[in-house]
Structures are given as structure tokens and as C-alpha cells.
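# Working through the structure, step by step
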Amino acid sequence: MKLSFSPKLSTFLKPSSVTNLHRSFCSSSISSPPPTSLKPQTPLFLKPPIHSAASSDLQKWHDWAKSLASSVGSTFVDLDNGPDSTLLCREIKWLMEDAIEEESEGMENNQRSIRLRVALEELYMLWKQRVEERRPFQYVVGCEHWRDLVLCVQEGVLIPRPETELIVDLVGDVVLGNEGLREGLWADLGTGSGAIAIGIGRILGTGGRVIATDLSPAAFEVAGFNVQRYGLQDVVELRQGSWLEPLKDMEGKLAGLVSNPPYIPSDDISGLQAEVGRHEPKVALDGGINGMDDLLHICKGAASMLKPGGFFAFETNGEKQCKHLVEYMENDAGGSFCNLKIVPDFAGINRFVTGFHK
Amino acid sequence: MSSFMFRKRASSGSWVVLCQNPEAKTQFVPYLLFSTLSEPQPTTLNKPSKPQNLSNSIENKRILDSGSSSFSLKTSKTLLGSVHNHTFSRNIFVSGSKPLALSSASGKNITGSHCSPLSSISFGSQRRGIWHLSTENRVLASGCGVLVLPMVKSLYSSRGGLAPCSLGCLFGTQAAMEPSTCDGLTVDRIIASEWLILDEDESDWKSHAAAIAQSIHLIKKRLQWKKLMIRLDLLSAEVNKPDLWNDPVHAGKISREHGSLMGKMKEVKAFERELLEHIDMVKLAREENDGELESESMNALLKMRITSKEKETEALLAGEQDPCSCYIEVQSGAGGTESNDWAAMVMQMYKVWAQQRGYKISVVDEMPGEIAGIKRATIKVDGEYAFGYAKAEVGVHRLVRISPFDSSKRRHTSFAAVAVTPINEDASAHVQINESDLRIERFRSGGPGGQHANTTDSAVRIVHVPTGITATSQNERSQHMNKASAMAVLQSRLDQLEMARQTQMNAQYSQSLTDITWGSQIRSYVLHPYRMVKDLRTNYEVSDPDSVLEGDLDGFIMSYLSASLDKDEDDR
Ligand SMILES: C[S@@+](CC[C@H](N)C(=O)[O-])C[C@H]1O[C@@H](n2cnc3c(N)ncnc32)[C@H](O)[C@@H]1O
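Residues numbered from 1 in each chain as written. Chains lettered and ligands numbered in written order. Predicted model: local features only at pLDDT ≥ 70, side-chain atom pairs only at ≥ 80, totals over all residues. Heavy atoms only, no water.

### Some details on the overall build of chain A
Summing up its helical and strand segments, chain A has 14 helices and 12 strands in all. Going through the 358 residues of chain A one by one, you find that 56% of them count as buried. Sequence-distant contacts in chain A: of pairs separated by 6 or more residues, those separated by 24 or more amount to 69%. When the accessible surface of chain A is summed, it comes to about 14,900 Å², and 54% of that surface belongs to carbon and sulfur atoms. (Helix = DSSP H or I, 4+ residues; strand = E, 2+ residues; numbered from the N terminus. Buried < 20%, exposed > 50% of the residue type's maximum accessible area, 1.4 Å probe, protein only. Contact = heavy atoms within 4.5 Å. Areas by Shrake-Rupley, 256 points an atom, 1.4 Å probe, with all protein chains shown as cover.)

Shown next, in the form of C-alpha cells:
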């Protein structure tokens with residue numbers, strides 16, 4: 001399908017997208033998670049430890065949480081490839097890690113008491129949401145450990161995936177022996193939580209800069225928060241807008257262009273794993289009929305944005321999209337790219353397309 | 001000529017004066033200063049010497065041993081500078097002081113001695129300095145006081161800096177010399193005399209001396225003294241090669257090992273000399289009817305006797321890798337849930353043991369059994385000498401009990417295999433790993449992944465294709481961190497493999513888990529029909545399995561370590 005209106009328009013005109021956007025913002029206020037606001041929420045591990053609980057009460061919570069996790073067995077796995085009991089039990093450990101202030105043990109009324117970053121009642125509620133509503137663990141604790149970073153996330157912002165970590169490695173490899181790229185200007189389109197942009201910002205040279213764009217106001221806010229947390233305000237610049245639009249002044253100037261745009265075919269959205277389909281923003285997932293609307297749109301713009309020798313890396317849905325993209329770049333893009341490569345993720349799925357502008 | 005001078009002096013009594021002022025002596029000859037500096041602090045088992053101490057002394061040693069590379073020259077100069085100053089201030093002070101009054105103080109800290117003449121005098125531990133003197137060197141020292149200063153000066157100035165050759169000679173002499181008392185008593189002769197060893201509180205110098213001599217004998221055995229000397233000769237030759245630093249990695253390795261072995265050798269030698277000098281003192285004190293000196297020397301012997309016990313234990317952990325942190329890996333044997341449960345019990349035993357020892361532990365990888373327990377797990381144990389102790393646990397552990405998982409309450413025998421891998425912190429000693437030799441895998445539950453999936457599971461397995469060695473990590477919260485953690489495990493396994501290949505020692509503890517044959521049973525835990533834990537290697541046994549499973553392992557570990565080092569007479 002080749003529609004010719006601009007992607008920004010298309011996003012708003014596509015009925016599915018509109019409802020998606022709508023639903024992703026509203027769904028959270030229907031279910032118990034706190035309503036999405038544009039102000040970034042403080043993740044659990046950064047909240048002040050102003051609550052406390054007797055260690056025996058915490059133990060009770062722990063036992064309860066474990067039995068709830070065990071009751072799941074493999075039902076979620078069978079249902080939609082969701083988490084099993086083992087994984088949920090590990091999450092309990094991490095939830096405690098985030099909720100409990102370390103070395104906080106004190107004594108209260110002859111009871112060992114433990115300082116917490118949320119009230120115990122809320123801890124019950126959070127775990128209930130995790131298991132019963134399938135709220136993603138990362139939204140429950142408000143952060144995702146990604147590479148060596150801890151990124152804040154919340155409803156309305158896509159939780160960065162482990163696969164995507166590799167984009168930063170790919171960039172790391174090309175900037176290693178190439179000062180032009182290392183000290184150059186990079187762009188991360190659809191930055192979400194800011195993951196890729198921050199990852200790249202930390203491996204570029206002192207002269208390197210990253211511009212990160214996103215259409216979603218929630219992503220824009222959260223990415224800003226994360227960029228600040230890593231002290232990268234001078235390295236990563238955020239611009240709100242659709243794909244390459246905010247980069248009009250950068251034509252032919254980019255040393256590198258990376259993106260993990262929405263790539264799931266629209267038809268697959270309804271069958272997604274509950275954590276994803278019910279809780280993550282559709283605007284971050286839905287890539288149109290064959291999932292390639294945004295990828296192709298970005299590819300089209302890439303040639304004009306990259307300077308000669310510039311590098312690009314895109315994440316895709318897998319083998320089929322990778323091939324499609326390479327084909328497109330070889331044929332339709334008028335031979336402006338070279339060294340096209342398909343790179344697999346650690347699960348062995350062909351995940352990324354990389355290459356250079358001639 | 002010199003020994004003649006010495007005897008003369010000694011007979012005239014002036015030697016005593018010198019002994020009371022070891023300060024002066026230790027500072028005169030550079031190698032003496034150095035041996036004082038480098039003498040490792042006595043350590044206890046629970047508080048092993050800090051690695052910084054070690055590396056310090058290594059550096060000092062390297063300088064003085066080889067004295068040839070440009071690096072050593074530079075450092076030597078600094079050393080010389082300080083030698084010079086000390087010599088000056090102390091000699092002046094010492095020469096005008098009353099010997100006996102000076103000897104009573106007891107200081108502890110070596111560095112402290114550099115502060116002021118005053119502190120240097122009250123610096124009792126430096127008294128050992130003199131015990132380092134061989135007969136020849138005493139001559140040098142015997143020119144005590146002001147006289148010596150010009151001597152030292154000329155030694156330095158005439159050579160325009162440190163003279164590697166003369167130092168080398170001095171050093172060589174020292175290493176080869178069998179220390180003895182004035183009347184020719186050596187450690188071996190003390191042992192041969194078979195003096196009665198009485199309780200520590202019996203004030204009998206022969207008893208103390210015999211006990212200490214036996215300790216020294218045991219320590220040497222544990223250090224595999226003969227092998228150590230041969231290796232040291234080899235390394236010394238290597239270190240003195242002018243082209244050593246053409247290959248910095250190799251050079252680093254060689255000089256590290258050289259420094260570390262040299263340190264061990266010198267520590268024992270110094271201890272030996274200390275013993276003999278105290279004996280000399282006791283005898284002398286009796287000759288001169290000096291009660292104060294006699295009781296003082298007696299106390300010194302008693303102290304040595306106590307320290308020697310600590311040194312015995314220390315010597316159990318003298319292996320190059322012993323100070324390292326380590327991974328402990330437990331794998332369950334055939335037999336399903338009962339075996340998995342046993343593996344989990346074994347792992348729990350190590351966790352508690354490590355915690356009680358004050359080590360930091362973290363779970364790297366854990367594969368739970370379907371119903372209970374674990375199929376395998378790896379923990380990282382962080383802390384000094386973790387590997388030294390834990391290596392004693394390598395092998396198969398066997399459990400006999402009525403299985404709680406068997407509804408008909410039958411007796412079951414289960415097995416769990418334990419592997420221990422040292423973690424070498426020194427990156428330059430690591431085996432180089434080619435990125436292209438690695439296959440990195442993520443466990444996937446199927447499905448297209450990427451944006452489709454939300455999971456907190458980012459476990460990574462790394463396969464080193466040429467060797468087939470794998471490492472897995474799943475307890476980190478990001479894939480990147482799991483990869484780093486698995487990489488670290490893989491690195492240490494490959495290092496261990498390389499180590500085994502190089503030394504071809506193929507000792508039991510150098511095996512990785514994959515090599516463990518299920519035949520190499522080391523310990524049996526019986527909960528039914530009787531209760532006992534027995535080590536099949538040492539026959540050490542305990543009748544309370546609970547305490548063992550609760551981490552009380554030190555008895556087993558120490559008995560194994562001493563058995564494995566003490567049995568081999570040839571290694572002496
Ligand atoms: C799959 S997410 C990737 C987020 C982040 N880069 C990551 O890897 O975790 C896609 C992102 O693209 C953003 N997006 C969707 N449509 C867009 C558009 N038209 N222009 C810019 N960003 C868009 C979404 O808000 C979302 O943050």
C-alpha cells in the first residue's frame with residue numbers, strides 16, 4: 001500500500017491510530033493504574049523511604065505474593081506467551097529490591113521494622129495489578145533496566161525491549177574506528193523513553209550529539225526526565241514531532257540515523273500478549289497493514305538526512321521486514337546506500353537492517 | 001676477613017650493642033632495608049593480608065632483584081633517597097644512645113618508622129632487621145654508628161645510583177645461605193635434636209624453639225619449598241633477561257609471580273632467621289647474666305610460636321589463585337526432584353558458609369527443578385581467599401536419606417556435583433577471547449519477540465565455540481548486564497582451562513564442572529539410618545549433618561587443605 005500523505009497526518013487520519021491513541025491514554029484510567037499524566041512519575045526505586053512495615057508483615061506479603069505467582073503456573077504462557085511462575089517469582093524479588101530501602105532495618109515495638117518506599121497496602125495492590133491485570137512489571141515499578149541504564153517508564157511510553165539494546169552495540173561498533181561518526185550528529189526517531197538516544201549519547205565522543213524525536217507527549221516528557229537523570233542535557237536534544245519533520249534543518253548533516261519505529265502489523269495488535277496489548281501505547285506498536293508504514297517512511301527520508309558515509313540502523317519485526325527493507329533500499333532508494341546488512345538478535349531472529357549512505 | 005671481624009666484635013661484646021639497635025643496621029644495606037619493607041605483615045586466617053600490601057612488596061622486590069629495567073631504576077632512586085635520609089638521622093641518634101634502653105619498646109607499623117628518629121627507635125618490629133643479617137653482613141653492620149654513614153654514602157655515590165649487580169650478589173648470597181646461630185644451630189638441627197615440646201606457658205626456650213622449628217618445617221612443606229625454590233630460580237633468570245619487557249604481558253606475569261614467590265620465600269627465611277637470632281640472644285643473655293634480656297627474648301620466642309601457628313594456616317592458602325574471589329557451581333545428578341532438592345541444599349550450604357565468612361554472594365544463574373530444588377546454579381563469592389577455601393569443595397557430594405518426595409518413604413541416594421572457578425581480577429592475566437568465537441544466545445519462548453513481547457527475562461547464554469564452554473546468566477535485570485555477567489563467568493572458566501593446560505597440573509580443583517566425572521565422590525552425607533558427614537578424601541567426619549548443611553564447613557575444608565599439602569613428602 002502506498003499512501004502519499006505525510007506520516008504525521010496519516011497517524012492522525014488513520015482511524016485505528018486515533019482510537020489507539022485514545023485508548024492507550026484512557027485504558028489506564030479505567031484500570032487501576034494511576035492515570036497517565038504528562039508529568040513523569042517518580043519510579044518506585046527513587047521514591048523516598050517514608051513508609052515502614054514490620055518484617056513479619058512484609059514476610060506475609062511476600063508469602064502472599066509468591067502464592068499468587070505460583071497460582072499462575074503456565075496459564076499465561078499457554079494463553080499468550082506471558083510470564084510463568086518462575087519469572088513472576090523473580091519479579092517479586094526485584095519488586096522488593098526496589099521497594100525496600102537497603103539496610104533500613106530498625107526496631108519498632110520490639111519488632112524488626114523495614115523502611116519502604118510505598119505503603120505495604122500499596123505493595124499488595126501493585127502485585128495484584130501485576131498478576132491479575134497483567135500490568136507490565138516495568139510499569140509497576142516505574143522503571144526498566146536496559147543495558148547499564150535504569151530508565152523510567154510509565155503508561156503511555158513503550159517499555160524498551162532487550163533486543164533493542166543491540167542497536168547501541170551496532171552504533172558502538174561503527175563509531176569505534178570512525179571519528180567522523182563518533183563526533184557527529186545522530187538522530188533517534190521515535191525515541192520513546194529515550195533509551196537508544198541515551199545509550200548512544202553515552203558512547204559518542206565529546207563532540208557527538210543526538211537529536212531524539214517523538215510524536216507522543218508522554219514519551220517526550222519521560223525521555224526528557226531520563227536524559228536529565230543521566231546528565232545528558234547537553235548531548236541529547238529532544239524534539240517533539242513526527243519522524244523526520246523536526247529535523248528539517250539537519251538535511252544532509254546526520255552522521256547517523258537510528259530508529260525502532262512501530263512495526264507490528266495492525267492485524268496482530270488484537271492478539272498481543274496481555275502486558276503489551278492491554279497496557280502499552282498502540283501508537284508505539286502499530287506499524288500499519290504490513291507493519292512497514294513507518295519503517296518505509298523513515299527509509300525514504302534517510303537518504304536526504306544522512307551525510308555521505310553516514311550510518312543507519314533500524315529495528316524490524318523479523319526476517320520478512322528485514323528483507324523487504326533491504327530490497328527497498330537497494331532498488332527504490334536509487335542506490336544511495338551501501339554495505340546493507342541484516343543483523344540477528346540474540347534469539348537468532350533477523351532483527352536489524354544496517355547500512356551506510358554512499 | 002669479615003667473619004673474623006665479626007667474631008672479634010662479638011666476643012668483645014660490641015655485637016650486643018648492634019643488636020639492640022637494629023635500626024642502624026637495617027638501613028645500611030639496601031637489600032636489608034628492602035627485606036624489612038617487603039616483609040609481609042603477619043596475618044591471621046580471617047584477615048588475610050591485603051592485596052595492596054602484596055603488590056607493594058612485589059614492586060619493591062622487583063626493583064631490587066632485577067635492578068635492570070628502566071622502571072626499576074627510577075623507583076630505586078626514590079628508594080635510595082629515603083634510605084639515605086634514614087641512615088643519616090638514625091645513625092646519629094642511635095650511636096649516642098644506650099642500647100638496652102632502646103630495645104624494650106615495641107612498635108608495629110613499618111611505615112610509621114619513617115617519620116622521625118624517635119619513632120624509628122621505638123620501632124620494635126624492626127628488630128627483625130638484624131635477624132636478616134648473615135654472618136658476612138654483620139661485618140658491615142658492625143661498623144655501627146657514625147662510622148657507617150660514609151660507607152653507605154660511598155656505596156651509592158661511587159656507583160652513581162643503585163648498583164644492580166652488587167645487589168643481585170647480595171641477594172643471591174642471602175637466598176642461598178642456610179641461616180644458623182652463632183654456634184651453628186639450624187632449623188633442621190633443632191628438629192633433629194627432638195627437644196621436648198612443652199605447653200606454651202612453660203618458659204623453656206628449647207621447647208619454644210622446637211615448636212617453631214616444626215612449624216617452619218610444616219610451612220615449607222605446604223609451600224612446596226623445593227619446587228618453589230626451583231621455580232624461583234627459573235623466574236629470577238627470566239626476570240633478569242634484558243629483553244623481558246619486549247613482551248609486556250608476559251613480563252608482567254613473570255614479574256608478578258616472581259614477586260609473589262620471592263615474598264613467600266623471604267617471609268619464611270626471615271622467620272627462620274628470627275628464630276635463630278632469638279636463640280642467640282637467649283644464650284647470650286645467660287652468658288652475660290642479663291635477666292631482662294633473657295625474659296625479653298623468651299617472650300619473643302613465645303610470640304613467634306603463636307605467630308607460627310597462624311603462618312601454618314596461611315601456608316595452606318599460598319596458591320597463586322587462592323586469594324581470588326570465585327564462582328561456585330552446583331549441578332544436580334540424575335534422580336529428578338530428590339536430586340534437585342539435594343543440589344539446592346548443597347548450594348544453600350555454601351551460601352551460608354560464605355555469608356558466615358563475611359563474603360558477598362550473588363546468584364549468577366539458577367535453573368530451578370520442575371517441582372523443587374535446582375537443576376544447577378552458580379553463585380559468585382566475593383572476598384579474599386574465597387577460592388582458596390572453596391576449591392576444597394570440588395567434586396561430587398552424596399546424600400543418603402529418606403526422601404521427603406517419596407510417598408512410600410524409601411531411602412534414596414542422590415548426588416550433586418560442585419565446581420569452583422577462581423576469578424582473576426587482573427585483566428592482563430586473562431585469556432584473550434575472540435568476539436568471533438562466541439555465540440550469544442537468548443532463551444526464547446518462541447514468538448516473534450521485539451515489540452510483540454514484554455518480558456523481564458533477559459537471560460543470556462554465551463557459548464565459546466572452539467572449546468564448547470558455556471556460561472549463563474539470568475539474574476540481572478537487563479540483557480546487557482546478563483551478558484556481562486555471563487562473559488565474566490566464561491572468562492574465568494577459560495582462564496581456568498588455560499591455567500590447567502599450562503601447568504598441566506590437572507589437579508582436581510582445576511576441572512570445570514563439565515569435566516567432573518560423577519565418580520569423583522568427595523563427601524558423603526548420611527541422614528538415615530545413622531547421621532554422619534564424612535569426607536572420603538581425608539576421612540574427616542562429623543556426626544551432626546545439620547551443622548554442616550548450615551554452613552559449618554571449615555573443619556572439612558581445613559583438613560582437606562592440610563591433607564593435600566602435607567601428604568606429599570617429595571614436595572618439601
Ligand atoms: C516501538 S516504540 C520505540 C521507542 C524507543 N525508541 C524504544 O526503542 O524503546 C516507537 C516510538 O515511536 C513513536 N512514534 C509513533 N509514531 C510516531 C511518529 N509519527 N513520529 C514520531 N514518533 C512516533 C512512539 O511514540 C514510540 O515512542
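Next, the rest of the story.
### Considerations on the overall build of chain B
Assigned secondary structure in chain B consists of 22 helices and 11 strands. A burial count over chain B gives 51% of its 572 residues as buried. Put simply, 69% of the contacts in chain B that link residues at least 6 apart link residues at least 24 apart. Accessible area for chain B stands at about 25,400 Å²; split by element, carbon and sulfur atoms hold 54% of it.

### So, the site of the ligand
Near the ligand, the surroundings consist of 19 residues, among which Gly190, Asp214, Trp243, Asn260 and Ala284 of chain A are the closest. Near the ligand, the surrounding residues are drawn from chains A and B. Gly192 of chain A places a polar main-chain atom, nitrogen or oxygen, 3.4 Å from an oxygen atom of the ligand. Within the side chain of Asp214 of chain A, an N or O atom sits 2.6 Å from an oxygen atom of the ligand. Across the complex, the protein chains shield 98% of the 590 Å² of accessible surface that the ligand would expose by itself. The residue inventory of the shell around the ligand, partitioned by class, reads 8 nonpolar, 10 polar and 1 charged. (Near = heavy atom within 4 Å. Polar contact = N/O pair within 3.5 Å; in protein donor to acceptor, adjacent residues only side chain to side chain. Nonpolar A, V, L, I, M, F, W, Y, C, P; charged D, E, K, R; others polar.)

### Quick look at the domain arrangement of chain A
Residues and elements named next belong to chain A. Domain annotation for chain A reports domain 1 (40-141) and domain 2 (165-357). The gap between the C-alpha centroids of domain 1 and domain 2 is 34 Å. Every contact between the two is made by 14 residues of domain 1 and, on the other side, 11 residues of domain 2. Between domain 1 and domain 2, roughly 990 Å² of surface is buried when both sides are summed, and carbon and sulfur atoms account for 59% of that area. Considering only the surface of domain 1 that becomes buried against domain 2, Pro40, Arg134 and Tyr139 emerge as the three largest contributors, covering 45% of it. Linking domain 1 with domain 2 are 2 salt bridges, by the criterion used here. (Domains from an automatic or database assignment. Buried area = accessible area lost by both parts, 1.4 Å probe. Salt bridge = Lys/Arg side-chain N within 4 Å of Asp/Glu carboxyl O.)

### Looking at the pattern of salt bridges
Under the criterion given, the structure shown has 42 salt bridges over all chains. Measuring nitrogen to oxygen at the nearest pair gives 3.1 Å for the salt bridge that ties Arg531 of chain B to Asp546 of chain B. Of the two residues, Arg531 of chain B sits in the loop between β9 (521-526) and β10 (532-535) while Asp546 of chain B sits in helix α21 (residues 545-549), which places them 15 residues apart along the sequence. Judged by its relative accessible area of 39%, Arg531 of chain B falls in the partly exposed class. Judged by relative accessible area, which is 38%, Asp546 of chain B ranks as partly exposed. Taken together, the shared-partner salt bridges in this structure form one network comprising Asp80, Glu91, Arg130, Arg134 and Glu275 of chain A.

### Thoughts on the environment of Thr307 of chain B
Residues and elements named next belong to chain B. Residue placement: Thr307 occurs in helix α17 (residues 291-316). Separated by 95 residues in sequence, Thr307 and Ile212 have C-alpha atoms that sit 9.0 Å apart. At 2.7 Å, the side chain of Thr307 forms a polar contact with the backbone oxygen of Lys303.

### Here we look at the interface of chain B and chain A
The interface is formed by 29 residues belonging to chain B together with 41 residues belonging to chain A. Buried surface at the junction of chain B and chain A, both sides included, amounts to about 3,100 Å², of which 47% is carbon and sulfur. In terms of surface lost to chain A, no three residues of chain B exceed Gln451, Asn454 and Arg477 of chain B, which account for 32% of the buried area on that side. The dominant element in the side of chain B that touches chain A, judged by the number of residues it contributes, is helix α20 (residues 479-503) of chain B, at 4 residues.

### Considerations on the sheet that holds strand β8 (residues 236-240) of chain A
Residue and element names in this part refer to chain A. The 7 strands are arranged β8-β7-β6-β9-β10-β12-β11 in an open sheet whose pairing can be described as mixed. Both outer strands of the open sheet, β8 and β11 (337-344), are each paired with one neighbouring strand and no more. On average, adjacent strands in this sheet sit at an angle of 15 degrees to one another, irrespective of strand direction. Where β11 meets strand β12 (residues 350-357), 6 bridges bridge the pair, whose relative direction is antiparallel. Paired with Pro344 across the two strands is Asn350, which belongs to β12. Strands in contact with helix α11 (residues 217-229) are β7 (209-214) and β8; relative to β8, the strand with the most contacts, it is inclined by about 170 degrees. Contacts from helix α13 (residues 293-305) reach β6 (185-189), β9 (254-259), β10 (306-315), β11 and β12 within the one sheet, and its direction differs from that of β10 by about 165 degrees. (Pairing = 2+ DSSP bridges. Axes fitted to C-alpha atoms, helices over the stretch in contact; angles between N-to-C directions.)

### Brief notes about the sheet that holds strand β3 (residues 374-382) of chain B
Residue and element names in this part refer to chain B. In space, the 8 strands of this open sheet follow the order β2-β3-β1-β5-β4-β9-β10-β11, with mixed pairing throughout. The open sheet terminates on both sides in strands that have one partner only, identified here as β2 (360-368) and β11 (541-542). Each of β1 (325-332), β2, β3, β4 (395-402), β5 (411-423) and β9 touches helix α18 (residues 336-356); the most contacted strand, β5, lies at about 45 degrees to it.

### With respect to the UniProt feature "domain: Peptide chain release factor" (unreviewed entry) in chain B
Residues annotated by UniProt as "domain: Peptide chain release factor" (unreviewed entry) correspond here to residues 283-393 of chain B. End C-alpha atoms of residues 283-393 of chain B are separated by 48 Å, and the span's content is 51% helix alongside 23% strand. (UniProt positions renumbered as here; feature names shortened; annotations may be inferred.)

### Comments concerning a negative patch on the surface
Where like charges cluster on the molecular surface, the negative patch consists of Asp199, Glu200, Asp201 and Glu202 of chain B. Relative to the helices and strands, Asp199 of chain B resides in the loop between α13 (187-193) and α14 (205-222). (Patch = residues over 30% accessible without salt bridge, like charges linked within 9 Å, V, L, I, M, F, W, Y side chains within 5 Å. Lys, Arg positive; Asp, Glu negative; His and termini not counted. Charge placed at Lys NZ, Arg CZ, Asp CG, Glu CD.)

### Observations concerning α17 of chain B
Given a rise of 1.5 Å per residue, 26 residues ought to cover 38 Å, and the 38 Å separating the end C-alpha atoms of α17 of chain B matches this to within 8%. Sitting at the head of α17 of chain B, Asp290 of chain B places a side-chain oxygen 3.3 Å from the backbone nitrogen of Glu292 of chain B. (Expected span 1.5 Å × (residues − 1).)

### Describing helix α15 (residues 225-239) of chain B
All names here are of chain B. Between its first and last C-alpha, α15 extends 20 Å over 15 residues, near the 21 Å set by a 1.5 Å rise per residue. Among the residues of α15, Trp225, Leu228, Leu232, Leu235 and Val239 are the ones counted as buried. In a view along the axis of α15, the buried residues occupy a sector of 85 degrees, so they form one face of it. Pointing more than 90 degrees away from the buried face of α15 are the exposed residues Lys226, Ile230, Asp233 and Leu234. (Arc of directions from axis to C-beta.)

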